[in-house]
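A structural walkthrough
The primary structure of each chain is shown beneath.
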Amino acid sequence: MNKKLKRTMTFAFAVGMLFTMRPATKHTNLFTTEAYAASENADKLKSLELETLDADSLDLYEDSNYNDKLSDNLYVGDIYFVKTSADDIKITGIRGANTSNVRIFVGNSDKAYNIGSDISLSKGTTTILKVRVYDEKYYKDQYHSKSNYNPYTIIVKNTNAEVVQQANQFSRN
């Protein structure tokens, strides 16, 4: 019995060490994920509206298969999906927050877009929009930590390349 107990304790210790080790580099550990802390002071979005430059309304979806249209409020930290063949889109309106507190970032860029700004999409690619609702008016030169905004992610799939490929196949036949 004593031998089994020692083996069990050794195994538990080894597994515990595996999950608590820190990597020696800046890269994330295999067992860690990036988390966003929601701000208690920042407003939460109830909805947002996306349009093409031709004023065509775009639907938000809750899944990447574009089956479940967003039917409820937006939730802080959630990911939403949009599909369009347009080369430019814009977020035209929001509910739940002051527009001066909201900024949109494309991918990992530091360039902040306002509500109503044109955002270019590359043909046939996927663009990640990071919508952030800050707890106070956004100023470009002011430091903003992750704890003073509420994040929302919108993944925009541009299907324009698919349309061009289908047109080329049709003209060949």
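Refer to the preceding data block for the structure.
What you are looking at is a predicted structure, and each value in this text was computed from that prediction instead of being measured.

1. Here we look at the sheet that holds strand β6 (residues 112–113)
- Across the sheet, which stays open at both edges, the 5 strands sit in the order β3-β9-β8-β5-β6 with mixed pairing between neighbours. Both outer strands of the open sheet, β3 (79–84) and β6, are each paired with one neighbouring strand and no more.
- For strand β5 (residues 102–106) and β6, the ladder comprises 2 bridges, and the chain directions are antiparallel. Each bridged residue has a counterpart across the sheet, and for F105 the counterpart in β6 is A112.

2. Quick word on the packing of aromatic side chains
- Applying the stated rule across the entire model yields 4 aromatic pairs.
- Here the aromatic rings of Y61 and Y66 are separated by 5.6 Å at their centres, their planes lie at 90°, and the arrangement is edge-to-face. The two residues Y61 and Y66 agree in class, both being buried.
- With a centroid separation of 6.3 Å and 75° between ring planes, the pair formed by F105 and Y138 is classed as edge-to-face. With F105 in strand β5 and Y138 in the loop between β8 (126–134) and β9 (149–158), this pair connects stretches of sequence that are 33 residues apart. The pair F105 / Y138 is uniform in exposure class, with both members buried.
- Within the aromatic cluster, the residues linked to one another by ring pairs are F105, Y134, Y138 and Y149.
- One Lys or Arg, R132, reaches over the ring of F105 and ends 4.5 Å from the middle of that ring.

3. Comments concerning a negative patch on the surface
- Taken together, the side chains of E62, D68, D72 and D78 present a region of like negative charge at the surface.
- On the secondary structure map, E62 appears in the loop between β2 (57–58) and β3.

4. Comments concerning unusual backbone geometry
- Residue A55 is not a glycine yet carries a positive backbone phi of 70°.
- Residue placement: A55 occurs in the loop between β1 (47–52) and β2.
- Residues other than glycine seldom take positive phi values, yet Y66 does so here, at roughly 60°.
- On the secondary structure map, Y66 appears in the loop between β2 and β3.

5. So, the pairing of β5
- When you tally the buried positions in β5, you get 4 out of 5 residues, the bulk of the element.
- As defined by bridge partners, β5 adjoins β8 across 5 bridges and the pair is classed as antiparallel. Across the sheet, residue R103 finds its bridge partner in β8, namely R132.
- With antiparallel pairing between neighbouring strands as the criterion, β5 and β6 make up a hairpin whose turn holds 5 residues, including G107 at a positive phi of roughly 60°.

6. What about the pattern of salt bridges?
- For the structure on display, the rule yields 2 salt bridges.
- In this structure, D59 and K69 form a salt bridge, with 3.2 Å as the shortest nitrogen-oxygen distance. Here K69 lies in the loop between β2 and β3 and D59 lies in the loop between β2 and β3, a separation of 10 residues in the sequence.
- On the accessibility criterion, K69 (48% relative accessible area) is partly exposed.

7. Regarding the nonpolar core
- Counting residues in hydrophobic clusters, the biggest one holds 24 residues, and the most contacted among them are L45, L48, L50, I91 and I154.
- Of all the elements in the fold, those that place two or more residues in this core are β1, β3, β4 (88–95), β5, β8 and β9.
- Beyond its immediate sequence surroundings of up to four residues, L45 is in contact with L74, I94, R95, A97, V131, V133 and Y152.

8. Let's talk about the side chain of N160
- Its location among the elements puts N160 in helix α2 (residues 160–172).
- Judged by relative accessible area, which is 12%, N160 ranks as buried.
- Among the polar contacts made by the side chain of N160, one reaches the side chain of D87 at a distance of 2.9 Å.

Parameters and conventions
- Residues numbered from 1 in each chain as written.
- Predicted model: local features only at pLDDT ≥ 70, side-chain atom pairs only at ≥ 80, totals over all residues.
- Heavy atoms only, no water.
- Pairing = 2+ DSSP bridges.
- Helix = DSSP H or I, 4+ residues; strand = E, 2+ residues; numbered from the N terminus.
- Phe/Tyr/Trp six-rings, centres within 6.5 Å; stacked < 30°, edge-to-face > 60°.
- Buried < 20%, exposed > 50% of the residue type's maximum accessible area, 1.4 Å probe, protein only.
- Lys NZ or Arg CZ within 6 Å of the ring centre and 35° of its normal.
- Patch = residues over 30% accessible without salt bridge, like charges linked within 9 Å, V, L, I, M, F, W, Y side chains within 5 Å.
- Areas by Shrake-Rupley, 256 points an atom, 1.4 Å probe, with all protein chains shown as cover.
- Salt bridge = Lys/Arg side-chain N within 4 Å of Asp/Glu carboxyl O.
- Lys, Arg positive; Asp, Glu negative; His and termini not counted.
- Charge placed at Lys NZ, Arg CZ, Asp CG, Glu CD.
- Core = buried A, V, L, I, M, F, W, Y, C linked by side-chain atoms within 4.5 Å.
- Contact = heavy atoms within 4.5 Å.
- Polar contact = N/O pair within 3.5 Å; in protein donor to acceptor, adjacent residues only side chain to side chain.

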